[in-house]
Amino acid sequence: MMMKFSKVLLILGLVASLVACSSTTSTDNYPNKTIEVVAAGSPGGGLDTIARVVDEALKKADLQDQPFTIKNLGGGGGNEARAYIEKQDDNPYSLLTESNRVFVNEIVGTTDLGIEEVTPIARMMTEYLVWVVKEDSAYTDAKQILDDLKEDPSAVQFGVGTIPSNDQMNILRPAMEYGVDPTKIPVVAFKSGGDLMTQLLGGHIQVISTGLSEAIQHVEAGNARILAISSPEQLNGELADIPTWKSMGIDVSILHWRGIFGPPNMPEEAVKYWDEKLGELVKTDTWKELLEKHGWFDAYADSATFKEELEEEKEIMANLLESIGLAE
Amino acid sequence: MEAFELLMQGLSTATLPSNLLAALIGALLGTIVGILPGLGPSTTVALLIPVTFSVSPESGLIMMTAVYCGAMYGGSLTSILLKVPGEASSVMTAIDGYELAKKGKAGPALAISAIGSFIGGTFSVILLMIIAIPLSKFALKFGPTEYMAIMLFALILSVTLIGNSIIKGVLSLALGIGVAVIGTDLQSGVTRNTLGIAHLTDGIDVIVAIIGVFGIGEVLHFLATRKQGQSDKRLSITGKLMPSKQDFKHTAAPIGRGSIIGFLSGLLPGSGSTLGSFIAYSVEKRFSKKPETFGKGALEGVASAETANNSATGGALVPLLTLGIPGSGTTAVLLGALMMYGIQPGPQLMTEQPVLVWAVIASLYISNIVLLILNLPMIRFFVKILDIPTRVLMPLILVFALIGAFSINNSINDIWLVLIFGLLGLFMRVVGLSPAIFILALVLGDQMEQSLRQSLIISKGSLIQFVTSPISLTLLIIAFGLLAYDVIKRFKSQSTGEYKSIE
């Protein structure tokens, strides 16, 4: 009897110590095991790449030694990854890489999960969007196009990758700012960046709005010209002469960013940890080299700034999508 | 000829022992992974990208092209032996290939498919070398209007796939289009017909539908119709493993036509290889003196479809290498891989990185040879799969099919979906609908709708562009000419009582 009792005690003691361990792992010595990063897209895609690049950079810069394991959950337009992260609740060992779909999907009503159901950790980088015309186009200036649209909003047809998207915002927002009715502009979606470029170079569509990195090679080859860029300020180097919307007196800038998020109830200590580590990472040369290699631009925002700007962006997007009848 | 010199230089790069080894490993890995349904070429290449990072850029890219070719071949293996196509472009291979396997002729079917793949692949590499630049201009001529026309052309051409019952053919077609319109509408961004299920936001992956309707549908149909003692039955091999002289004679022309059709379809961005295999198969059926053998084990059908989907590979590289535009899912992955090596693919790729580009082209060629050498002797082992008693084989197919479905997005929801499509496949078999037409409609239906609407937005609602575009006009005239011909022929044969039942 005594034997049994002591055994029970021993077991209870073991269980208690295990429970104690597990309750401390989440905050003390964070991170002390492998971190799972959910990429809401397939291997090789943008959201997968950013996860791998951050992992690579952290390792190269010697900032942290817990490796990332990347889990590709591309289903349901990112909604599947969202549902997964929401279930992680306060587990700081599950992170997510996402774009502005983090609020767009809720606006258009494909999911109930919005920015409340994630913890913004950092905006890591951005791409910029450009208006591109074919080399032999009559247009030499984005304003000529906007003027034509002002007269007749259906005078020029635009091509984009998908709808709704930042590609599309990069048409509607400047047009609206310029006084054109955005609901009347014909915007055609062509699934992928490759198709889009074929359509432009083949002369089937007049103007496309797409990522700078997709367009630049065709500009360098002398097949296409860039008329405007969505960056807040003029770029450096060879790209310095591309006019921004702001330089044309149109108060629009669009970041096509990718960021890192945690589950909804991520402990504050863990968020703070990433603010420190990622804040340090983006200052390193390693990171700057990686940005350049991938054709990305620095747009780092820590957790607090990121959260604030997400709210603002969400509101602008919601209003616009509502005005063109895409929001619920 | 400058291209020839560069190719020779490429060949010497590609035949360095380390690169040959990379090609060999890639071809083997590709074949093995490609056998798993759901892991088509694009997924296989994507999965193996990390592996290729441990070697030099040349070896890495060579390995990737080898993986790609291997996966294409692996897909044809499961199509023929198990009737489980790994992706849309091998659906047509499954139809006659599996019928041949049932007749004990799996050996010749596999051999012809390997030989056809080799010839198609070689042909497209040669064309790529000679006329890549002028052809790239041709690909640019295809706007939404021309796309719409070619889809319609393919669809009308494939009417020949419909058996004696027009109603059943049209029903299969409608079912495919019905599934195609599930998901987010590209033009408006609005989700349609998803029943509020978040997983369907992106629509239904064609591969999920294929694995379900073919793989699982076949298993369910077997279970539903099996008789006592049949569980131990196995498909035995009768006759020779290699094709006879007669077989070669019959398949020579289909392989030739398949090469040309495949290459031309591959030029078009989008689902070029699927389109190519469907068109090549339909054309063969029309040219054949015995069209009634198609679908019941015609070696010509396997030859044309397999040749075409491999020839499309070279075609798809044309827009990638000359314009920097990926023509297919797999070339998109290759493009991504190039970028990871810090190589900017684009219009100048061929002039700025000629050594690398030609090494890739040469390695494509070498991969084809490696695969042929690797696979012809291995046919005797592959056909052993058929020696497995059905009561073991059927659960195995089921397991592979479920793994394949899961691996697309690591999503449990795709497993449910694939099972639902399995039930649909069973239903289609029971009532006699055509799974192949269903898949064709699913693939083309989506693109057709989008192309039509893109064309209409650009034309502001007018339809005149379908007649004013020379490419569109030509395609439509041929398509409707064929349709009229078919209708007249059918009425004639009906009145002479040649067909027994026309519903």
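- Going by the annotation in an unreviewed UniProt entry, the name recorded for chain B is Tripartite tricarboxylate transporter permease, with Robertmurraya kyonggiensis given as the source organism.

- Identification of chain A as Tripartite tricarboxylate transporter substrate binding protein from Robertmurraya kyonggiensis is taken from an unreviewed UniProt entry.

**Brief notes about the overall build of chain A**
Item 1. Looking only at helices and strands, one finds 11 helices and 11 strands in chain A.
Item 2. Across the 328 residues in chain A, those meeting the buried criterion constitute 54%.
Item 3. Accessible surface computed for chain A: about 14200 Å², of which carbon and sulfur atoms make up 49%.

**Some remarks on helix H5 (residues 142–151) of chain A**
All names here are of chain A.
Item 1. Those residues of H5 not exposed but buried are Ala142, Ile145, Leu146 and Leu149. End-on view of H5: buried residues confined to an arc of 95 degrees, all on one side of the axis.
Item 2. Considering only its buried residues, H5 is in contact with strand S5 (129–134), strand S6 (158–160), helix H6 (166–177), strand S8 (207–211) and strand S9 (224–229).
Item 3. One side-chain oxygen at the N-terminal end of H5 lies 2.9 Å from the backbone nitrogen of Lys143; it belongs to Asp141.

**Some thoughts on the sheet that holds S5(A)**
All names here are of chain A.
Item 1. The mixed open sheet is built from 5 strands, whose spatial order is S7-S6-S8-S5-S9. Among the strands making up the open sheet, the edge pair consists of strand S7 (187–189) and S9. Averaged over neighbouring strand pairs, the angle between their axes works out to 30 degrees when direction is ignored.
Item 2. Here 5 bridges tie S5 to S8, and the two strands are oriented antiparallel to one another. Within S8, the position partnered with Leu129 by the bridge is Gly211.
Item 3. Lying over the sheet, H5 contacts S5, S6, S8 and S9, oriented at roughly 85 degrees with respect to S5.

**Let's talk about the sheet that holds strand S1 (residues 35–39) of chain A**
Residue and element names in this part refer to chain A.
Item 1. Spatially, 6 strands are ordered S2-S1-S3-S10-S4-S11 in an open sheet, and the strand pairing comes out mixed. Strands at the two margins of the open sheet, each flanked by one partner only, are strand S2 (68–72) and strand S11 (297–301). Across the sheet, the mean angle separating the axes of adjacent strands is 20 degrees when strand polarity is ignored.
Item 2. Bridge analysis of S1 against S2 gives 5 bridges, and the strand direction is parallel. Bridge pairing in S2 places Glu36 opposite Thr69.
Item 3. Lying over the sheet, helix H9 (residues 268–281) contacts S1, S2, strand S3 (94–98), strand S4 (119–127), strand S10 (256–262) and S11, oriented at roughly 20 degrees with respect to S4.
Item 4. With respect to the sheet, helix H11 (residues 303–323) is in contact with S4, S10 and S11, its orientation differing from that of S4 by roughly 75 degrees.

Basis of the calculations
- Residues numbered from 1 in each chain as written.
- Chains lettered and ligands numbered in written order.
- Predicted model: local features only at pLDDT ≥ 70, side-chain atom pairs only at ≥ 80, totals over all residues.
- Heavy atoms only, no water.
- Helix = DSSP H or I, 4+ residues; strand = E, 2+ residues; numbered from the N terminus.
- Buried < 20%, exposed > 50% of the residue type's maximum accessible area, 1.4 Å probe, protein only.
- Areas by Shrake-Rupley, 256 points an atom, 1.4 Å probe, with all protein chains shown as cover.
- Arc of directions from axis to C-beta.
- Contact = heavy atoms within 4.5 Å.
- Polar contact = N/O pair within 3.5 Å; in protein donor to acceptor, adjacent residues only side chain to side chain.
- Pairing = 2+ DSSP bridges.
- Axes fitted to C-alpha atoms, helices over the stretch in contact; angles between N-to-C directions.

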